[in-house]
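Residues per chain are reported as follows:
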Amino acid sequence: MLNLEPQQFASWAEPIEMLYACHSKVKRFCRQLQMLPDYLVKNGVNQAVKNDVQQILNYFEIAAPLHHDDEEQDFFPALLAHYPPAKTNIDELERQHIVLHENWGKLSQQLKALLDNQRNTISPELIRQFVAGYEVHIALEEPLFELGKQYLSDSELNQLGKVMSNRRQP
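Residues numbered from 1 in each chain as written. Predicted model: local features only at pLDDT ≥ 70, side-chain atom pairs only at ≥ 80, totals over all residues. Heavy atoms only, no water.

Under an unreviewed UniProt entry, the name given to the protein chain is Hemerythrin HHE cation binding domain-containing protein, and the organism recorded is Pasteurella testudinis DSM 23072.

In structure tokens:
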């Protein structure tokens, strides 16, 4: 389950690029999840699988909720201040965040059980549901990132980046 895709790097000085970078990681981890059931059938639960699953768990347990906070608490309100027509899509995205977290809760139970040697398979249906939720979500959300580039000033973006960075400080 090697990742041969080039990594996208961004800094908090470019908060919208950081939001895109998070999506890039989500897409990569979703691809890994999609490969997991077949890989387990062929290779079983080995250390490589456990390492990959731990990375996926870490991302969706820690980074993904912070990413959603970045959007809901900072980016979406800033965008709405300049572009009120985005409200319908933002309301839908916030509803989807709840569903994404619920889907993750179900899938993460199985992934944790895999790490604990309590199971040796993962439900392909849970993976499909989880991945499909993110595909729909990202397709609706990324056009808002472009609107943010268009409507938010450099100083607003700088402030967003600082707040997002501070959110990750201990």
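Don't stop here, the text continues.
Caption draft 1: Representation of helix H1 (residues 15-43) in the model. In this model H1 runs 40 Å from its N-terminal to its C-terminal C-alpha over 29 residues, within 8% of the 42 Å that 1.5 Å per residue would give. Along its length, H1 reaches its greatest deviation from straightness, about 40 degrees, at Leu36, and the proline Pro37 lies no more than four positions downstream. Phi for Gly44, located one or two positions after H1, is positive at around 75 degrees. (Helix = DSSP H or I, 4+ residues; strand = E, 2+ residues; numbered from the N terminus. Expected span 1.5 Å × (residues − 1). Bend = angle between axes of the 7 residues up to and from the residue.)

Caption draft 2: Seen up close, unusual backbone geometry. A positive phi angle is found at Asn117, which is not glycine, with a value near 60 degrees. Mapped onto the elements of the fold, Asn117 is located in the loop between helix H3 (87-115) and helix H4 (124-151). Judged by its relative accessible area of 57%, Asn117 is exposed. (Buried < 20%, exposed > 50% of the residue type's maximum accessible area, 1.4 Å probe, protein only.)

Caption draft 3: Representation of the packing of aromatic side chains within the structure. Counted by the stated rule, this structure contains 12 aromatic pairs. Seen from their ring centres, Phe60 and Tyr134 are 5.7 Å apart, and the 50 degrees between their planes marks the pair as tilted. Taken together, the residues Phe60 in helix H2 (residues 47-82) and Tyr134 in helix H4 connect sequence positions 74 residues apart. Clustering of aromatic rings is evident, with ring pairs tying together Phe29, Tyr59, Phe60, Trp104, Phe130 and Tyr134. A cation over an aromatic ring shows up here: Arg28 above the ring of Phe29, its NZ or CZ 4.5 Å from the ring centre. (Phe/Tyr/Trp six-rings, centres within 6.5 Å; stacked < 30°, edge-to-face > 60°. Lys NZ or Arg CZ within 6 Å of the ring centre and 35° of its normal.)

Caption draft 4: Expanded view of the nonpolar core. Ranked by internal contacts, the top residues of the largest apolar core, which has 28 residues, are Phe60, Leu107, Leu111 and Tyr134. Looking at this core, the elements with two or more residues in it are H1, H2, H3 and H4. Broken down by element, the residue count for this core peaks at 8 residues, all from H1. Aside from chain neighbours lying at most four places away, what touches Leu107 is Leu33, Ile122, Leu126, Ile127 and Phe130. Core analysis: the next-biggest nonpolar cluster, separate from the first, contains 17 residues, Phe76, Leu144, Leu157 and Leu160 among them. (Core = buried A, V, L, I, M, F, W, Y, C linked by side-chain atoms within 4.5 Å. Contact = heavy atoms within 4.5 Å.)

Caption draft 5: Looking closely at the pattern of salt bridges. By the definition in use, this model includes 10 salt bridges. Here Arg168 and Asp70 are joined by a salt bridge, their closest N and O atoms 2.6 Å apart. With Arg168 in the segment after helix H5 (154-167) and Asp70 in helix H2, the pair connects residues that are 98 residues apart, well separated along the chain. Put simply, Asp70, Asp74, Arg167 and Arg168 are held in one network by salt bridges that share partners. (Salt bridge = Lys/Arg side-chain N within 4 Å of Asp/Glu carboxyl O.)

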